[in-house]
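Examining the three-dimensional arrangement
One-letter residues, chain by chain:
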Amino acid sequence: MALSLGRNSSPIVTGIGVAVALVAIVGTQVLGWDWGSGRLVPTVIGVVAAGIAVAVVLSRRG
């Protein structure tokens, strides 16, 4: 069974993706967030976003 990550994503998944992208852009450009800087907020956001992405991929394998 092949894993397909086509363009048939639900509006919720698209909304989550856009929100994560906006947080990343604002965080890096405005707030000066950087990976490995020792700050907790960027790390927590990254871990949560990665967890959501893994959950979506696993749920689509179904």
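Residues numbered from 1 in each chain as written. Predicted model: local features only at pLDDT ≥ 70, side-chain atom pairs only at ≥ 80, totals over all residues. Heavy atoms only, no water.

As for the UniProt feature "transmembrane region" (unreviewed entry) in the protein
UniProt marks residues 12–33 and 39–58 with the feature "transmembrane region" (unreviewed entry), using the numbering shown here. Annotation note: span residues 12–33, helix share 82%, strand share 0%, distance between end C-alpha atoms 26 Å. (UniProt positions renumbered as here; feature names shortened; annotations may be inferred. Helix = DSSP H or I, 4+ residues; strand = E, 2+ residues; numbered from the N terminus.)

A word on helix 2 (residues 40–61)
Between its terminal C-alpha atoms helix 2 stretches 32 Å, which fits the 32 Å expected from 22 residues at 1.5 Å a residue. Burial in helix 2 covers these residues: P42, G46 and A49. Down the axis of helix 2, the smallest arc covering the buried residues is 65°, so these residues share one side. What points out from helix 2, more than 90 degrees from its buried face, is the exposed set L40, V47 and S59. Along its buried surface, helix 2 packs onto helix 1 (11–29). (Expected span 1.5 Å × (residues − 1). Buried < 20%, exposed > 50% of the residue type's maximum accessible area, 1.4 Å probe, protein only. Arc of directions from axis to C-beta. Contact = heavy atoms within 4.5 Å.)

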